[in-house]
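This is what each chain is made of:
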Amino acid sequence: QEQLVESGGGLVQAGGSLRLSCAASGRTFSRYGMGWFRQAPGKEREFVAAISWSGGSSYYADSVKGRFTISRDNAKNTVYLQMNSLKPEDTAVYYCAAAMSMPGATSRRSDYDYWGQGTQVTVSS
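K.L.:
Break down the overall build of the chain for me, citing the residues and quoting the values.
P.N.:
What the chain contains, in helices and strands, is zero helices and eleven strands. Principal-axis analysis of the C-alpha atoms gives the chain an extent of 40 × 25 × 25 Å. By the burial criterion, 47% of the 125 residues in the chain qualify as buried. Once local pairs closer than 6 in sequence are excluded, the contacts in the chain between residues at least 24 apart make up 60%. Only carbon and sulfur atoms are counted for the fraction: they give 44% of the accessible area of the chain, which is about 6400 Å². With 13 positive and 10 negative side-chain charges, the chain shows a separation of 4 Å between the mean positions of the two kinds.

K.L.:
Before we move on, can you summarise the pairing of strand S8 (residues 78-83) with the specific residues and values?
P.N.:
On a regular strand, each side chain points to the face opposite its neighbour's, so the side chains alternate between the two faces of the sheet. With five of six residues buried, S8 lies mostly within the body of the structure. Relative to S8, strand S3 (residues 18-24) is paired through six bridges, and the arrangement is antiparallel. Paired with Leu20 across the strands is Leu81, a residue of S8. In this structure, strand S7 (residues 68-73) lies alongside S8, joined through six bridges in antiparallel fashion. What sits directly across from Ser71, in S8, is Tyr80. If you look at the hairpin formed by S7 and S8, you'll find four residues sitting between the two strands, and Asn77 has a positive phi there, around 55°.

K.L.:
For the side chain of Glu2, give the residues involved together with the corresponding values.
P.N.:
By the element assignment, Glu2 lies in the segment before strand S1 (4-7). Although buried, Glu2 forms no salt bridge, and the nearest oppositely charged side chain, Arg72, lies 8.5 Å from it. The contact partners of Glu2, leaving out residues within four places of it in the chain, are Ala24, Ser25, Gly26, Arg27, Thr28, Phe29, Tyr32 and Tyr114.

K.L.:
Any details on the nonpolar core? Residues and values, ideally.
P.N.:
With 36 residues, the main nonpolar core has Met34, Trp36, Leu81, Met83 and Tyr94 as its most contacted residues. Every element with two or more residues in this core is listed here: S3, strand S4 (33-39), strand S5 (46-51), S7, S8, strand S9 (92-99) and strand S11 (119-124). With six residues, S9 is the largest single contributor of residues to this core. If sequence neighbours within four positions are ignored, Met83 has contacts with Gly16, Ser17, Leu18, Leu20, Arg67, Phe68, Tyr94 and Val121.

Conventions we followed
- Residues numbered from 1 in each chain as written.
- Predicted model: local features only at pLDDT ≥ 70, side-chain atom pairs only at ≥ 80, totals over all residues.
- Heavy atoms only, no water.
- Helix = DSSP H or I, 4+ residues; strand = E, 2+ residues; numbered from the N terminus.
- Buried < 20%, exposed > 50% of the residue type's maximum accessible area, 1.4 Å probe, protein only.
- Contact = heavy atoms within 4.5 Å.
- Areas by Shrake-Rupley, 256 points an atom, 1.4 Å probe, with all protein chains shown as cover.
- Lys, Arg positive; Asp, Glu negative; His and termini not counted.
- Charge placed at Lys NZ, Arg CZ, Asp CG, Glu CD.
- Pairing = 2+ DSSP bridges.
- Salt bridge = Lys/Arg side-chain N within 4 Å of Asp/Glu carboxyl O.
- Core = buried A, V, L, I, M, F, W, Y, C linked by side-chain atoms within 4.5 Å.

Rendered as structure tokens:
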């Protein structure tokens, strides 16, 4: 079973940047579509970004387009989320997820099979 571990979260001022990493322990990482979701206090978990198995295509929520970039390094079993121009509204726990049966970029929670424990991102105003 794949284990996903997020890192890179922290406290940053509005307008700043953070880079989140998600390390996978499995040996078939390169076959999975990967995604990032986030959940703010009192809100449901929402889609942020997704990337296909090859890294050739990606998909973003409208709220982060132009600011966030998802990428992956299959040789390192790692997916990244570069977050620039951060806003207080970006404050949330960020989760990475793996879709075993969906090699493409998907925004649907139901397509994902494995989830990390999350990393906290706090953006101050």
